[in-house]
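Here are the chains, one letter per residue:
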Amino acid sequence: MAKRKAASGEEKGNWLDTYADMVTLLLCFFVLLYSASSVDETKWQYIYQSFTSSGSYINPFVMDEQPSNNAADTNGNAESPPNTQNGGTTSEEIEGLPSDFNELYTYLKTTTDKNDLGQYVYLEQTPTRIFIRFDNKIMFDGNSAVLKDEGKQALNLFMPGIKAVNKYIKSCEVSGHTAKAVSDVNDWDLSAARASSVVKYMDYNRCIDSEKFTVEGKACYTPIADNETPEGRAANRRVEIMIVRAQLDTTSQAVIDDILKYEYRLNGANTDPYERDENNNSEVDSDVVNEIIDNMENKYEDETGNGSSDGNLTGPVYQPSYTGIPTDILTSAPAETAE
């Protein structure tokens, strides 16, 4: 009988050990829940970024240090993660950010006026896109594609608003432009490199999805001022950002005109839905215009959508016909003959 009691007491002790372990784990679980209920947003970003950066930057918070700046060391590692310093979004800034594409232009205009950037930044809005033109004075030094600190600061002011409406943006096209002047640097290389520098900075700060960026170097062949004057050449040296809206009302004539103008270079095409087949006085073939318009619904998300584009992203390609070629130099391909 004594042996049976000893065995019973041993079994009872094992059960209590298991129960105590479970209670301890539950206590730890609720302590973690309580500590996470009042987490600091910025510090949580540091911890999160430390697991998702794949070693692309050094996280000072994890090392119990406070971030000082966003400069990169000689190995290309930054002291603070993107989106939390210099162009990131803090809890104080969220209140004034745009909630949809319609509010983005107002945000950019307000930011420009508030920071006295009117002499360096030009903004324009059309039915389908927003243009941001940066004067070269604040972006780059002469014959250089290294982004200046003033240019970075200007981009930092705009990027939080652009990032806030990322899902409503179809594409972000950045183009570099130079002036027609004597230079030791090739205009094509310089304009493309400057546009690439802007995109790399915006992409590093995760402004929008990387696949939405495109880079163009247009050299000196799209001037906006007279290249014969110093003032005109200064105006022509610029970087332009074109943000294209993802949600469009493809039944609107203003939207159709805008798409034909900027994407197909068809200026003055008659796009009225009732008159474009008759009395079309433009030099553009009405069949070409009709084909483009009919495919717009596949290329752009409807205005009631969620900002994504799941349809055909290519659309029809317009190639203007060649004129003035003598017919006697156009010969048909020789017919194949059986050997």
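Our subject is the structure listed above.
Definitions and limits used
Residues numbered from 1 in each chain as written. Predicted model: local features only at pLDDT ≥ 70, side-chain atom pairs only at ≥ 80, totals over all residues. Heavy atoms only, no water. Helix = DSSP H or I, 4+ residues; strand = E, 2+ residues; numbered from the N terminus. Buried < 20%, exposed > 50% of the residue type's maximum accessible area, 1.4 Å probe, protein only. Contact = heavy atoms within 4.5 Å. Areas by Shrake-Rupley, 256 points an atom, 1.4 Å probe, with all protein chains shown as cover. Axes fitted to C-alpha atoms, helices over the stretch in contact; angles between N-to-C directions. Parallel < 35°, antiparallel > 145°, perpendicular 65-115°, else oblique. Left-handed = near helix turned anticlockwise from the far one by under 90°. Nonpolar A, V, L, I, M, F, W, Y, C, P; charged D, E, K, R; others polar. Expected span 1.5 Å × (residues − 1). Bend = angle between axes of the 7 residues up to and from the residue. Core = buried A, V, L, I, M, F, W, Y, C linked by side-chain atoms within 4.5 Å. Pairing = 2+ DSSP bridges.

Draft legend 1. Structural detail: the overall build of the chain. On a plain count of helices and strands, the chain comes out with ten helices and seven strands. The buried share of the chain, taken over its 339 residues, is 36%. The long-range fraction of contacts in the chain, counting pairs at least 24 apart against all pairs at least 6 apart in sequence, stands at 63%. Total accessible area on the chain is roughly 21200 Å²; 50% of this is exposed by carbon and sulfur atoms.

Draft legend 2. Expanded view of the packing of helix H3 (residues 101–114) against helix H5 (residues 149–164). H5 packs onto H3 with a crossing angle of 165° between their chain directions and a minimal axis gap of 10 Å. With respect to H5, the element H3 is oriented roughly antiparallel. When you trace H3 past H5, the crossing you get is right-handed. Residue-level inspection shows Leu104, Tyr107, Leu108, Thr111 and Thr112 of H3 in contact with H5, the latter providing Leu157, Phe158, Pro160, Gly161 and Ile162. In the contact of H3 with H5, the residues fall into seven nonpolar, three polar and no charged.

Draft legend 3. Region of the structure containing H5. Its 16 residues place the ends of H5 23 Å apart at the C-alpha level, agreeing with the 22 Å of an ideal helix rising 1.5 Å per residue. At Phe158, H5 shows its maximal bend, which comes to roughly 35°, and the proline Pro160 appears one to four places after that position. Residues of H5 that are buried include every one of Gly151, Ala154, Leu155, Asn156, Phe158, Met159, Pro160, Gly161 and Ile162, and no others.

Draft legend 4. Highlighting the packing of H5 against helix H6 (residues 187–204). Interaxial distance between H5 and H6 falls to 11 Å at its minimum, and their mutual angle equals 50°. Relative to H6, the element H5 lies oblique. The way H5 lies across H6 gives a crossing that is right-handed. On H6, the residues touching Lys152, Leu155, Asn156, Met159 and Ile162 of H5 are Val198, Tyr201 and Met202. Considering only residue class, the contact of H5 with H6 consists of six nonpolar, one polar and one charged.

Draft legend 5. Layout of the nonpolar core. Of all hydrophobic cores here, the largest spans 36 residues; its most connected members are Ile132, Phe134, Leu155, Ile162, Val198, Met202 and Ile241. Excluding residues within four positions of it along the chain, Ile132 makes contact with Leu108, Val121, Tyr122, Leu123, Phe158, Ile162, Val239, Glu240, Ile241 and Ile243. Grouped together as the second largest cluster of nonpolar side chains are 16 residues, Ile256, Leu266, Val289 and Met296 included.

Draft legend 6. Layout of the sheet that holds strand E1 (residues 121–125). Here five strands make up an open sheet; going across it, the order is E1-E2-E5-E3-E4 and the pairing mixed. Single-partner strands in this sheet number two, and they are E1 and strand E4 (213–217). Within this sheet the neighbouring strands show an average axis-to-axis angle of 15°, counted without direction. As defined by bridge partners, E1 adjoins strand E2 (residues 129–135) across five bridges and the pair is classed as antiparallel. What sits directly across from Gln125, in E2, is Ile130. Sheet strands in contact with H6 are strand E3 (169–177), E4 and strand E5 (238–245), and its direction is about 160° off that of E4. This element, helix H8 (residues 253–263), spans E1 and E2 of the sheet and lies at about 40° to E2.

Draft legend 7. Representation of the environment of Tyr107 in the model. By the secondary structure assignment, Tyr107 is in helix H3. Here Tyr107 falls in the buried class, since its relative accessible area comes to 15%. For Tyr107 and Phe158, which are 51 residues apart along the polypeptide, the C-alpha to C-alpha distance reads 8.3 Å. Those residues in contact with Tyr107 that lie beyond four places of it in its chain are Gly96, Leu97, Pro98, Leu157, Phe158, Pro160 and Gly161.

Function cannot be inferred from these measures alone, as they are strictly geometric.
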